[in-house]
2 protein chains.
Amino acid sequence: MGFSTFGRHVIADFHGVSEEVLNDFDFLRSALHEAAIACGATVVGEQFNKFEPQGVTGVLVLAESHLSIHTYPEHGFCAIDCYTCGTEVNPEKAYKHLVSLLKPKRAYERGLMRGTGEITNLSKKELKVVNS
Amino acid sequence: MGFSTFGRHVIADFHGVSEEVLNDFDFLRSALHEAAIACGATVVGEQFNKFEPQGVTGVLVLAESHLSIHTYPEHGFCAIDCYTCGTEVNPEKAYKHLVSLLKPKRAYERGLMRGTGEITNLSKKELKVVNS
């Protein structure tokens, strides 16, 4: 049967992040890999781009789906999403790990449940990270 | 000042798609590129993976953010998201183009507005595709 189609998709906007951090290609690449490990995902591919005069986009393709970041250093802003299929990997852990590394002054998050019919909002309970 | 942080993120689940289509790496890669063009985005990178025994993940990095697909041929299911910053590129057009190519029996969609504070639901009006 392969993988279940059930999945959780965490979408997060970080405001008030250091401009230097948001332009640091190597740091951001490491941070995404660390976040993938933190949530128990398996990285199978990646694509990172540095934009001129500023900004980085990075996407990790996971065995469980993907983790991405898009940065706007001049605005202290970055946009993150982590989508993982199945119940074993919790994308909330990746989000929390990135909060700890990027230290946004404000972080806004939404969680969606996918793959089972209507795409619904995840409750706070369903987003809760256990054992982390 | 660079790009605006305003962005729209369309998240869509397709059910009842042909198993053959969802395992056709070349078709899916072409479909994603076509969808990016359809919404007026600029592709700056890509990462595609074929899984064994089935399934394809593809991500296009756009100048405006990203477009991704994850397929589960054995379930006739695929998950799509298209996130674009700024007001010129409309991710809804990419979604509609993929509907026309992949012909799902059922498609569920959510639209989010990002980059301006709380991540809010896009209204149907805001998702509406004009001139397409």
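As the structure is a prediction and not an experimental result, all values here were calculated from the model.

(A) Spatial organisation of the pairing of strand β1 (residues 7-15) of chain A. Residues and elements named next belong to chain A. Taking burial as the measure, the 9 residues of β1 include 9 buried ones, the bulk of the element. Neither face of β1 is open: one carries Gly7, His9, Ile11, Asp13 and His15, the other Arg8, Val10, Ala12 and Phe14, and all of them are buried. Pairing of β1 with strand β5 (residues 77-85) involves 9 bridges; the strand directions are antiparallel. Counterpart to alanine 12 in the pairing with β5 is isoleucine 80. As paired elements, β1 and strand β6 (residues 106-114) share 9 bridges and run antiparallel to each other.

(B) Region of interest: the relation of the copies chain A and chain B. For the match of chain A to chain B, the screw axis carries a shift of 0.0 Å, the RMSD comes to 0.0 Å, and the turn is 180°. Considering both components of the superposition, the chain copies are consistent with a two-fold axis. In terms of proximity to the rotation axis, the leading residue of chain A is Gln47(A), whose C-alpha is 3.0 Å off the axis. Comparing interface residues between copies, 100% of those in chain A also lie at the interface in chain B; the contact surface is shared.

Procedures and definitions
Residues numbered from 1 in each chain as written. Chains lettered and ligands numbered in written order. Predicted model: local features only at pLDDT ≥ 70, side-chain atom pairs only at ≥ 80, totals over all residues. Heavy atoms only, no water. Buried < 20%, exposed > 50% of the residue type's maximum accessible area, 1.4 Å probe, protein only. Helix = DSSP H or I, 4+ residues; strand = E, 2+ residues; numbered from the N terminus. Pairing = 2+ DSSP bridges. Least-squares fit on C-alpha atoms with pLDDT ≥ 70 in both. Contact = heavy atoms within 4.5 Å.

Read these as spatial facts, not as claims about activity.
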